[in-house]
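The lines below spell out each chain.
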Amino acid sequence: MDRSSTQLTVRPAESAKPSPYETAGDPPVSGTSLHLRAAQVLDANWTGGSTVPSRSLYPHQWSWDSAFIAIGLRHVSPLRAQTELETLLAAQWADGRVPHIVFNPSVPLDAYFPSPDFWRSSTAGRRAGAPRTVQTSGIVQPPVHALAAWLVHLADPGLSHARGFLARVYPRLAAWHRYLLHRRDLGGAGLVSVVHPWEQGMDNSPCWDAPLARINPAPARSFRRADLAHGAPEDRPTDLDYGRYVRLAADYRDAGYADGGGEFAVEDPAFNALLIASEHALARIAQELGAAGTARHTRAERLTQVLVERLWDPSYGMFLCRDLRDAAPGGRQIHERAASGPDRERGSSGPVPERSTAGPTPAQAGPGLIPERGVSGLVPLILPELPREIAAALVRTLSGPHFGLGGRTRLVPSYDLLGEAFDPHRYWRGPAWFNTSWLLERGLRAHGERERADALRAAVLQLAEATGFAEYVDPYTGEACGATGFGWTAALALDLHHELHQGLHKGLHKELSKPPGHTVSRTGGGTFDRSDEGGHRR
């Protein structure tokens, strides 16, 4: 085949006519409707060097979106998947940060807010080493990139070696992790802190209500929200949310994007779990390049222990966020209402759950922990080094009344079904997202929960296709919310579809598995390889 082509490859079944997306020489892949439609979404969102999440709502390149998109793209064009990550990493700052947005200069400034003239990366970020040739934001997003790079390499090792893909991205990925581990260890215990809700990726999660309540919002007249022109206002963050987002971002910008002095600093379980998973992947990349990765594996295992020590709350049966700017003992109990009025139940969204004010006394979070159950607290299930009892507790919480997976909900809701702030349609305050369901499907499978993983995979595939690859869905009904033709929804559905129909069964737990006889995971899952020796010291 022409392995230098970025043409998407969709393999038809033997009895079907060749697809217009087909490139000769790739392994045959079933040309089912889902596969073809997902590839078409990715092709429609391709800009020539990267993939936008949505042509209308998100017309630039987003950091963790590109990582998830590359994981799916590898099945249809390994070169395009490599290019996706290379384009993002080319916008890396000299201090190592990978910005959460890389702006397309051909897109009008008023198409998205905050736009490049708000971030002023080349001037405000000069001291931190922002690039001069491309405009970016100044904050970051979860570090899925090393994991994505490793999986992309495995899709076509020959092409990867021929292009020197891993050799080119490894130094940038190492610098990215170094920035997070050194500049963002604001709590001093080893975990990374986010300094803005957008960095964690779950923008308006109720987990941020307490730390955001301290932020004086920017006046509504000082900015114009482009997102409301493309989505229902009742499904989007409120103006009060946005005012606080803008205030935090402007303060960070005006401080030259220096870390450590802002009013918002939170240790988030999903962000750190994804860093740990990517640190394991970076060790495998080092090994593939002939270096040693044991130190990275060891660091990842140590961070897993710190994650448990600082963010695990046994009374909640899950991980919680830690607010580093909250000095109040015993956690906070703030549930601030949206500016437009109280959160509300929608009659079309399935059964109304009983609230946590009824029945047993709610669990009390430990000191500094934010007493909110968000899907972020379940994502560490992807980690191989979790103690068996913690992995089991996470599975119970996932399938219990707070998230209802396998019972009342079809995909994993983004927030506690019993929480005061739950809303099945409002962005990250209840709807189910496909990327978090993909991560939890991987985690369930890694910890031996095959039946639950199979059921979740089936739900992801069915709802992704039925909704036209929606951005997110009502967790009860599966009703599409947000944008359709969404990049990571198509990509991750493609990844799960490929696994299912090819019988390759190479998820995180297989593609990063240990050689026979090497078991480190206390769950017995053998998730990541630690066979390399030596280490990369920082």
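Residues numbered from 1 in each chain as written. Predicted model: local features only at pLDDT ≥ 70, side-chain atom pairs only at ≥ 80, totals over all residues. Heavy atoms only, no water.

### Quick notes on the overall build of the chain
Scanning the chain from terminus to terminus reveals 18 helices and 10 strands. Burial analysis of the chain (538 residues in total) assigns 63% to the buried set. Across the chain, every contact between residues at least 6 apart in sequence was considered, and the portion connecting residues at least 24 apart equals 72%. Element-wise, carbon and sulfur atoms account for 51% of the exposed surface of the chain, whose accessible area totals about 18,700 Å². (Helix = DSSP H or I, 4+ residues; strand = E, 2+ residues; numbered from the N terminus. Buried < 20%, exposed > 50% of the residue type's maximum accessible area, 1.4 Å probe, protein only. Contact = heavy atoms within 4.5 Å. Areas by Shrake-Rupley, 256 points an atom, 1.4 Å probe, with all protein chains shown as cover.)

### Things to note about helix H1 (residues 33-44)
Side chains of residues three or four places apart in an α-helix project in the same direction, reflecting 3.6 residues per turn. Helix length check: H1 (12 residues) gives 16 Å between terminal C-alpha atoms against 16 Å at 1.5 Å per residue, within 8%. Taken as a whole, H1 has its buried residues at Leu34, His35, Ala38, Ala39, Val41 and Leu42. With its buried residues spanning 155 degrees around the axis, H1 presents them on a single face. Where H1 is buried, its residues touch helix H2 (63-73), helix H3 (78-89), helix H16 (450-466) and helix H17 (487-502). (Expected span 1.5 Å × (residues − 1). Arc of directions from axis to C-beta.)

### Quick look at the sheet that holds strand S10 (residues 480-481)
The 3 strands lie next to each other as S8-S9-S10, forming an open sheet whose pairing is antiparallel. For this open sheet the edge positions go to strand S8 (432-433) and S10, each flanked by a neighbour on one side alone. Sheet topology note: the strand S9 (residues 472-473)/S10 ladder contains 2 bridges and is antiparallel. Residue Tyr472 lies in a different strand from S10, and its bridge partner there is Cys481. (Pairing = 2+ DSSP bridges.)

### What about empty space enclosed by the protein?
One pass over the full model with this rule turns up 5 cavities of 30 Å³ or more. Considering the residues around the largest cavity, the lining is formed by 22 residues, among which Tyr58, Trp62, Gln141, Asp203 and Tyr427 are closest to the centre. Those elements giving two or more residues to the lining of the largest cavity turn out to be H2 and helix H11 (239-254). (1 Å grid on protein atoms, 1.4 Å probe; cavity = no way out; pocket = protein on both sides within 12 Å on 5 of 7 lines; lining within 4 Å. Points joined across faces, edges and corners; volume = space filled by probe spheres on them.)

### Digging into the pattern of salt bridges
On inspection of all chains with the given rule, the structure shows 24 salt bridges. For Arg373, the salt bridge goes to Asp416, with nearest N and O atoms at 3.8 Å. Of this pair, Arg373 sits in the loop between strand S7 (322-323) and helix H14 (388-399) while Asp416 is found in the loop between H14 and S8, placing the two residues 43 residues apart along the sequence. This pair shows no difference in class: Arg373 is buried, exactly as Asp416 is. (Salt bridge = Lys/Arg side-chain N within 4 Å of Asp/Glu carboxyl O.)

### Thoughts on H16
With 17 residues, H16 should cover 24 Å at 1.5 Å per step; its first-to-last C-alpha distance of 24 Å lies within 8% of that length. Along H16, the positions that sit buried rather than exposed are Ala453, Leu456, Arg457, Ala459, Val460, Leu461, Leu463 and Ala464. Against H1, helix H15 (434-446) and H17 lie the buried residues of H16. One or two residues past the end of H16 sits Gly468, with phi positive at roughly 70 degrees.

### Regarding the packing of aromatic side chains
Evaluated as defined, the whole model comprises 25 aromatic pairs. Arranged with centres 5.2 Å apart and planes meeting at 90 degrees, the rings of Tyr252 and Tyr257 form a pair that is edge-to-face. Across the pair, exposure class does not vary: Tyr252 and Tyr257 are buried alike. Among the aromatic residues, those joined into a ring-pair cluster are Tyr58, Trp62, Trp64, Phe68, Tyr112, Tyr427, Trp428, Trp433, Trp438, Tyr472, Phe486 and Trp488. (Phe/Tyr/Trp six-rings, centres within 6.5 Å; stacked < 30°, edge-to-face > 60°.)

### Here's the deal with the packing of H2 against helix H6 (residues 145-155)
At their nearest, the axes of H2 and H6 sit 9 Å apart, and the two run at 20 degrees to each other. As summarised for this structure, H2 and H6 are arranged roughly parallel, according to the angle between their axes. Viewed along their axes, H2 and H6 form a crossing whose handedness is left-handed. Mapping the contact onto sequence places Ser63, Trp64, Ala67, Ala70 and Ile71 in H2 and His145, Ala148, Leu151 and Val152 in H6. Looking at the contact of H2 with H6, its residues break down into 7 nonpolar, 2 polar and no charged. (Axes fitted to C-alpha atoms, helices over the stretch in contact; angles between N-to-C directions. Parallel < 35°, antiparallel > 145°, perpendicular 65-115°, else oblique. Left-handed = near helix turned anticlockwise from the far one by under 90°. Nonpolar A, V, L, I, M, F, W, Y, C, P; charged D, E, K, R; others polar.)

### Some thoughts on the confidence of the model for the chain
Per-residue pLDDT for the chain has a mean of 84; in total, 79% of the residues score no lower than 70. The low-confidence segment residues 10-30 (pLDDT under 50) makes 55 contacts with residues lying over four places distant or belonging to another chain. In the model, residues 512-538 has pLDDT below 50 throughout and makes 91 contacts with residues more than four positions away in sequence or in other chains. (pLDDT = per-residue confidence, 0-100.)

### Some details on the sheet that holds strand S4 (residues 266-267)
Spatial ordering of the open sheet is given by S3-S4-S7, a layout of 3 strands whose pairing is antiparallel. Looking along the sheet, the strands with just one partner apiece sit at the ends: strand S3 (193-194) and S7. Relative to S7, S4 runs antiparallel, the two being bridged by 2 bridges. Each bridged residue has a counterpart across the sheet, and for Glu267 the counterpart in S7 is Arg322.

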